[in-house]
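# Structure assessment
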Amino acid sequence: MNKDLVEIVQSARDDCAIKLFTTGMGITKELAAELKRAGLCYVSISLDHWQEEEHDGIRGCRGAFQAALQAIEIFKGTGVHVSVSTVISRRMLRENQVEKFLAFLISLGIDEAWLSETKPTVEAFWNEAAVLTEEERLSLVHLQDKYNQERKITVNYLGHFEGGEHFGCNAGHKMVYIDAFGEVSPCVFTPITFGNVRDKSAQAVFLEMKAHFPSESCCFMNKNYALLKKHYKGQSPLSKEDTLEMMKEVRFSPLSEFSRLYYKG
């Protein structure tokens, strides 16, 4: 965990509603209280299964499950909004495990569940079997709506608002991700770079990147992982040179419904 985390939160508190995403490792009562005083509003703790051995196996770290549960209880005690962020695999969907998991989160008193699906960001997932179908995406949209109507827990599914029927994918257009080394990418799930903030301003790199990215109706990464695989040379993110070569082959889908109405107006 970044040793300057409290200072970072404090420096942003006047202009932002600050949310911390964490595995829960290293969270203490003292640190959580400091973060709350510094201006932290929301926290989302990574938890991928209700069974300890499954979560620890996914994370590749013994004790990850207990650390997450402990962090949940600590942050609940501070009064910040507590959510859990979860990666839903196709196996969880096929075996009808998602609702079991949501029931577990309700039992923990979680305010919100942030759901995303496995993304083909790394080599192990560069295959069709790992990527959700449109039918599976819509099943999660339906599940989100069902739970939000019941009001036992708020469910926020990434594939809902990035679906073509809503806002679509805005990677590189309205969204930007800057990693710990300063590389500027269209999205946290998209391991390509258009430059580094140590060499150019974030604004300059973003504007250059935005010129390559219109908004579109479906997830950029889900559609273009084969191109990522083609241009991959053992370096992640792809270098800027390889990124630009890859972008020459990208074909964007039509605008989402929101963007179609917005730009029409």
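Residues numbered from 1 in each chain as written. Predicted model: local features only at pLDDT ≥ 70, side-chain atom pairs only at ≥ 80, totals over all residues. Heavy atoms only, no water.

## With respect to the environment of Ser89
Let me state the cut-off plainly: Secondary structure counts use DSSP, requiring at least four H or I residues in a row for a helix and at least two E residues in a row for a strand, with both numbered from the N terminus. Residue burial is assigned from relative accessible area. The probe radius is 1.4 Å, only protein chains are included, and a residue is buried under 20% of its type maximum, exposed over 50%, and partly exposed in between. Here a polar contact is taken to be a pair of N or O atoms separated by no more than 3.5 Å, where protein atoms must pair a possible hydrogen donor with a possible acceptor and residues adjacent in sequence count only if both atoms sit in side chains.
With respect to the helices and strands, the residue Ser89 is situated in the loop between β3 (81-88) and α5 (90-94). For Ser89, a relative accessible area of 23% corresponds to the partly exposed category. For the pair Ser89 and Ala130, spaced 41 residues apart in sequence, the C-alpha separation works out to 7.8 Å. Looking at Ser89, its side chain comes within polar contact range of the main-chain nitrogen of Met92, at 3.1 Å.

## Considerations on the state of the cysteines
Note the following rule: Criterion for a disulfide: a pair of cysteine sulfur atoms within 2.5 Å.
Under the defined criterion, the tally for this structure stands at 0 disulfides. Cys219 provides the cysteine sulfur closest to Cys218, a residue in no disulfide bond, and the two sulfurs are 7.4 Å apart.

## Overview of a nonpolar patch on the surface
The criterion, for reference: Like-charged residues within 9 Å of one another, or nonpolar side chains (Val, Leu, Ile, Met, Phe, Trp, Tyr) within 5 Å, are grouped into patches, provided each residue has over 30% relative accessible area and no salt bridge. Per-residue and other accessible areas follow the Shrake-Rupley method at a 1.4 Å probe size, with only the shown protein chains counted as cover for residues. The salt bridge definition used is simple: a Lys or Arg side-chain nitrogen within 4 Å of an Asp or Glu carboxyl oxygen.
A cluster of nonpolar side chains, Phe161, Phe167, Leu255, Phe258, Tyr262 and Tyr263, forms an exposed patch at the surface whose accessible area comes to about 600 Å². Broken down by element, the nonpolar patch gets its largest block of residues, 3 residues, from helix α12 (residues 257-264). Its location among the elements puts Phe167 in the loop between α8 (158-161) and β6 (177-178). Phe167 sits in the partly exposed class, given a relative accessible area of 41%.

## As for the packing of helix α3 (residues 52-59) against helix α4 (residues 64-78)
This is how it is decided: Between the N-to-C directions of two axes lies an angle of 0 to 180 degrees, each axis being a line fitted to C-alpha atoms and, for a helix, fitted only over the stretch in contact. Here roughly perpendicular refers to angles of 65 to 115 degrees, roughly parallel to angles under 35, roughly antiparallel to angles over 145, and oblique to all remaining angles. Contacts are assigned to residue pairs that have any heavy atoms within 4.5 Å of one another.
Between α3 and α4, whose axes approach to 7 Å, the crossing angle comes to 105 degrees. For the element pair α3 / α4, the angle class is roughly perpendicular. Two secondary-structure elements touch here, α3 through Glu52, His55, Asp56 and Arg59 and α4 through Ala64, Phe65 and Gln66.

## With respect to the pairing of strand β1 (residues 18-22)
The line we're drawing: Paired strands, as defined in this entry, are two strands with at least two bridges between them according to DSSP. With the strands pointing away from the viewer, any crossover whose connection runs clockwise from the first strand over the helix to the second is right-handed.
Burial of the side chains of β1 is restricted to one face: Ile18, Leu20 and Thr22 are buried, whereas none of Lys19 and Phe21 on the reverse face is. Bridge count for β1 against strand β2 (residues 40-46) is 5 bridges, and the pairing is parallel. From the neighbouring strand, Phe21 faces β2, where its bridge partner is Ser44. In this fold, the crossover linking β1 to β2 by way of helix α2 (residues 29-38) has right-handed handedness.

## Focus: the environment of Ser185
Among the secondary structure elements, Ser185 is positioned in strand β7 (residues 184-185). Each C-alpha atom of the pair Ser185 and Val87 lies 21 Å from the other, and the pair is 98 residues apart in sequence. With residues up to four places along the chain from it excluded, the contact list for Ser185 reads Val176, Tyr177, Thr190, Ile192, Thr193 and Met209.

## Topic: the packing of helix α1 (residues 5-12) against α2
Stated precisely, the cut-off is as follows: Should the near helix be turned anticlockwise from the far one by less than a right angle, the crossing is left-handed, and should it be turned clockwise, the crossing is right-handed. Under the scheme applied here, ten amino acids are nonpolar (Ala, Val, Leu, Ile, Met, Phe, Trp, Tyr, Cys and Pro), four are charged (Asp, Glu, Lys and Arg), and all others, including Gly, are polar.
The contact between α1 and α2 brings their axes to 8 Å, and the two run at 20 degrees. With respect to α2, the element α1 is oriented roughly parallel. The hand of the α1/α2 crossing is right-handed. For the pair α1 and α2, contact is made by Leu5, Val6, Val9 and Gln10 and by Leu31, Glu34, Leu35 and Ala38, respectively. Taken together, the residues that form the contact of α1 with α2 break down as 6 nonpolar, 1 polar and 1 charged.

## Some remarks on the environment of Lys174
Mapped onto the elements, Lys174 comes out in the loop between α8 and β6. By relative accessible area, which is 57% here, Lys174 ends up exposed. Taking C-alpha positions, Lys174 is 9.3 Å from Pro214, a pair spaced 40 residues apart along the chain.

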